[in-house]
Amino acid sequence: MNNKINYLLSTARCMHRCSSVFSFKSSATARKHILWTSRYRDPLENNFRKCLSIFSSLDGSSRRFLSQKTDVFSTGAEIQAEKSTEALMSDQATHSSLELEKLEDSGSFKVKHVMDHDKLFFDSLQKCTCPCDVLDLASKSAASIKQFTNCLTTVWRLLKNLSEEQQRYEKQLIFEHPAFPKLCQQLLQDARRMTRGDLVFGLHAAVHIGIPQNTLLVQTLLRVCQERLNQLDNRCISVLATTLVGLEKDKNVSALQAGLQLLAEQRIPSIRDIFILQNLMKCMGKDAPVFLKKKLEMAVLKEIDHLTFPNALRVFLGLVAMNYCSIPILNACSKKIQENVHDAPFRQLILILEGCYNLQYRNVKLLSALADYINSTAYLWDKKQIILFLSAFETLAFQPSELMGIFAEKVTEDPEFLNLKNLLIILRVYSRLNYVPKGQKHQFFETLNNCLNKYLPQISNIELLKAVHSLSILGYLPHRALDELLQKDSRDELILSDDVYREQKEMMLHCVKTCVELDSPSFTKPAFVQTECFSSLVPLNLRKARQALIDLLGDENMFRQNVQLPYQYRVDFEIRMDSDRKSVLPVTAADDHADSSVQRLAFLFVPLSAFCVGTTHPQGKLAMKKRHLNKLGYNVILVLNKKFQEMTDEDAVEFLKGKIYSKNYFPSSDVAVQDSN
C-alpha cells in the first residue's frame, strides 16, 4: 500500500513539474520552480495548492521588497502573465490535490514523519547563534508557516541581545543575505493563514529588525491584524500594542490603534496581568481619552499589591507615555524603585528622572534615593554619564549636593574631558541649583573660566551669553569672556531686531550688566538708595501678608509695599527699624535720606518653585537677587508664600513678628518646605 502511495505521489510530482516547465516561457522562472520542487521532498508537508501559491511569488522581483517602495511585485504585462500562469497551474493541480488529500488521511505514519521533521527543525533553530545561521536554515529546511515565522522571530531574538554597533553590522548582513527576501516573500503570502500568535509576533519581529514600515510585508501584516483583531487574546494584544508604539502614524496604524482602543476598553476590566496593562498604556499614549486612562489606572490599582520592580518601572513609564499623573500608582512605583534602585541600569535611571519631569512628579524620597545611589557608585559612572544625571536633576530643580561636590572635584582635577556642550551644561546646572563647592570655590571657578576661554574663538553669541550669564549668577565674573560679550553688544551683534528670543536675551544681558556693577570688588554699599512705590493695589497673593502687617504694626504707614529699587529689583514689603531692631520706624517721604542707624528689611514672598525641591535652598536667580539686595543695604527675609497662605491669621501675625524682631535671622531657617506630593 505504501509503495502504491509513493508511486502515485512521484507520478503527480512529475506531472506537476512537466506542466510547470511548459507553462512558463521564462527559463529562469522554470529553473527556480525545479529548484523549489527538489527542495521540498516530503509530500505531506503541503498540498499542491499551497506549493503553487508559494512558487508564484519566488520570482526575481521579490528582492525589491526591501526597498522603500511599497509594491513588491512586477507591473503591467508581467503581472497578467503571472496571474494566468498561476491559474493554469492551479487548474491542473486541483484533481491531483484532492486525490492526495484522501491518501494522506490514510497514512498515519506520515503524520509522525511531519512531527519528527518539525522537531528536528526547531531543535536546529534553537542551536542557531546568529541571524545568518537562521536564514541559512530557513533556506534549506523551512516548509511550514510556523517554521518561517519562527525563523523571523528568532532572527530578532538573536539581534536584540547585541550591542548597537553589532546590531548595525548584523542587520547589514541580514538584508544582504539571499534567503531574507525569500523569507519575507513567504511571510507575505502566508499572512492570512497565520495563527494569531504567529501573526503578531511576526509583525513585531519585522518592525524591530528594521523592515521599513511602508513595505508591502509590514502593511499587509498590519491589515491582517485589523481583520483579525477580535480573535486576538490578551497576550497577542499586548505584543501588538508594543509593536504599534514604535510605528509612525499612517492609515493602517491609525485604524489599528483605533480598533485596539475599542477592544481594550472592553477587555481592561478582565485583564489581571500588569505587563499587558503597561503595554496598553504605552500604546494608548497621551492622546487616549481620559475615561480610558481612568480604566487603565483602576485596573493597575487592583494589582498594585503584587507589583515587582520590573513591572513597577514599566507601569511608571506607561504613565509617562500617557502623560497621566496618577499619584497612588506613582507612589507605589516609587517605593519599589527606591527598594531596588541598585538593580536599575544607567538608561533606566535617566528614564525615571525624565519621567518625573514630564509628569511634574516631585517625590523627594525617590529623588534622594536615586541621588544617593548614583553618588555611592560615582566611581562606576563615566564623566559624561554623571553630566547627564546632573542635567536630569537640574530639570527637576533637585540639588544632589554630594554628587555635585564629587563632580566638581573631578572637573578641577581633569578638565580636559570638557567639550563646549558639556561645559555649558555644567554651568547651567551649578548656576540654577546655586551650588558652589566648599573649600574649592575659587579653583572650581578658575577651571571653568579657563575652559570657557579655550572655546571663545568658536563659541556662538547665544552660547557666550548663556555661559557668562551662568557664571554671573554664581557671583563670578569671567573677565575675558565678559569683555568679548560687551563688545559684541556694543556692536549690536548680540541681539538682532528680528530675533524671536530677543526678550529672553535682553533679560540675560541685563542680569550680566547688573552683576558687573554690584558684584565688582570695587562696589561699595550706597548711603542712599532711590526707591519708588508703585500703585497701592496689592496682588491677591499678598493681601493676607498686608493685613497681617497692619494687625502687627497697627498702621499701614509703618511699612511700604510693592517697592521698586534700582537695577529693576522689586520687594514686596519694606520695613525700617532702629539699629537694635527693637522698634519699627514710620515710613514718610522725609525718610528717604542717608541714615546709617536705620535698618531696612525687605520681605520677599516667593513661590515654591524658587527653591530647590525639598529644601529652603534658593535657586540661582533668587540667591542672586538676595545677594544684590544685601549689597544695596537690605536685610532680606524670604517667605514661602504657599505655606504662609495656609496659616491662620493669628499664626501669620506671630510668624511675621518673629521675623521682624529677630536679631539672629537666618534665611535657611524659613518655613520648612515639604514634599509637594
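Residues numbered from 1 in each chain as written. Predicted model: local features only at pLDDT ≥ 70, side-chain atom pairs only at ≥ 80, totals over all residues. Heavy atoms only, no water.

1. Brief notes about the side chain of Asn-375
Part 1: Mapping Asn-375 onto the fold places it in helix 19 (residues 364-376).
Part 2: Its relative accessible area of 16% is what places Asn-375 among the buried residues.
Part 3: At 2.8 Å, the side chain of Asn-375 and the side chain of Glu-402 are in polar contact.
Part 4: Those residues in contact with Asn-375 that sit more than four places away from it in its chain are Glu-402, Leu-403 and Ile-406. (Helix = DSSP H or I, 4+ residues; strand = E, 2+ residues; numbered from the N terminus. Buried < 20%, exposed > 50% of the residue type's maximum accessible area, 1.4 Å probe, protein only. Polar contact = N/O pair within 3.5 Å; in protein donor to acceptor, adjacent residues only side chain to side chain. Contact = heavy atoms within 4.5 Å.)

2. Brief notes about the nonpolar core
One recurring pattern in soluble globular proteins is that nonpolar side chains are buried together.
Part 1: Leu-240, Phe-316 and Tyr-430 are the most contacted members of the largest nonpolar core, which has 173 residues in total.
Part 2: It is helix 16 (residues 309-322) that contributes the most residues to this core, nine residues altogether.
Part 3: Dropping the residues within four chain positions of it, Tyr-430 is found in contact with Leu-390, Met-404, Phe-407, Ala-408, Tyr-435, Phe-444 and Leu-474.
Part 4: Membership of the second largest hydrophobic core comes to 26 residues, among which are Val-538, Phe-605, Leu-656 and Ile-660. (Core = buried A, V, L, I, M, F, W, Y, C linked by side-chain atoms within 4.5 Å.)

3. Describing the environment of Phe-407
Part 1: Among the structural elements, Phe-407 can be located in helix 21 (residues 401-413).
Part 2: Judged by relative accessible area, which is 1%, Phe-407 ranks as buried.
Part 3: Expressed as a C-alpha distance, the spacing of Phe-407 and Lys-383, which sit 24 residues apart in the sequence, is 8.1 Å.
Part 4: Once you skip the residues sitting within four places of it in the chain, Phe-407 turns out to touch Lys-383, Ile-386, Ile-387, Leu-390, Phe-417, Ile-426 and Tyr-430.

4. Section: the pairing of strand 2 (residues 560-564)
Every other side chain in a regular strand lies on the same face of the sheet, so the side chains alternate between the two faces.
Part 1: When you tally the buried positions in strand 2, you get five out of five residues, the bulk of the element.
Part 2: Pairing geometry for strand 1 (residues 532-533) and strand 2, over two bridges, is antiparallel. Residue pairing in the sheet places Cys-533 in a bridge with Val-563 of strand 2.
Part 3: In this structure, the hairpin formed by strand 2 and strand 3 (residues 570-577) is closed by a connection of five residues, where Tyr-567 is found at a positive phi of approximately 65°. (Pairing = 2+ DSSP bridges.)

5. Digging into helix 23 (residues 441-454)
Part 1: If you check helix 23, its first and last C-alpha atoms are 20 Å apart, about what 14 residues at 1.5 Å a residue would give, namely 20 Å.
Part 2: Where helix 23 is concerned, the buried positions are Phe-444, Phe-445, Thr-447, Leu-448, Asn-449, Cys-451, Leu-452 and Asn-453.
Part 3: For helix 23, the elements touching its buried residues are helix 21, helix 22 (420-432), helix 24 (461-473) and helix 25 (479-490). (Expected span 1.5 Å × (residues − 1).)

6. Quick word on the packing of aromatic side chains
Part 1: Applying the stated rule across the entire model yields 16 aromatic pairs.
Part 2: Note on Phe-175 and Phe-180: the rings are 5.3 Å apart at their centroids and 70° apart in plane angle, and the pair reads as edge-to-face.
Part 3: Judged by relative accessible area, which is 27%, Phe-175 ranks as partly exposed.
Part 4: Classification of Phe-180 by relative accessible area gives buried; the value is 0%.
Part 5: A network of ring pairs unites the aromatic residues Phe-559, Phe-573, Phe-603, Phe-605, Phe-644 and Phe-655 as a single cluster. (Phe/Tyr/Trp six-rings, centres within 6.5 Å; stacked < 30°, edge-to-face > 60°.)

7. Concerning the layout of surface pockets
Part 1: The volume enclosed by the largest pocket comes to roughly 1,100 Å³.
Part 2: If you go around the largest pocket, you meet 37 residues; those closest to its centre are His-469, Ile-473, Met-507, Cys-511 and Lys-621.
Part 3: Class assignment of the residues belonging to the lining of the largest pocket gives a composition of 18 nonpolar, 10 polar and nine charged. (1 Å grid on protein atoms, 1.4 Å probe; cavity = no way out; pocket = protein on both sides within 12 Å on 5 of 7 lines; lining within 4 Å. Points joined across faces, edges and corners; volume = space filled by probe spheres on them. Nonpolar A, V, L, I, M, F, W, Y, C, P; charged D, E, K, R; others polar.)

8. Points about empty space enclosed by the protein
Part 1: In total, this model carries three cavities of 30 Å³ or more according to the counting rule given.
Part 2: Its boundaries defined by the atoms lining it, the second largest cavity holds a volume of some 50 Å³.
Part 3: Forming the walls of the second largest cavity are Val-538, Pro-539, Leu-542, Gln-561, Asn-562, Arg-570, Asp-572 and Phe-573.
Part 4: Residue assignment for the lining of the second largest cavity shows that the elements contributing at least two residues are strand 2 and strand 3.
Part 5: No other element matches strand 3, which puts three residues into the lining of the second largest cavity.
Part 6: In the lining of the second largest cavity, the residues fall into four nonpolar, two polar and two charged.

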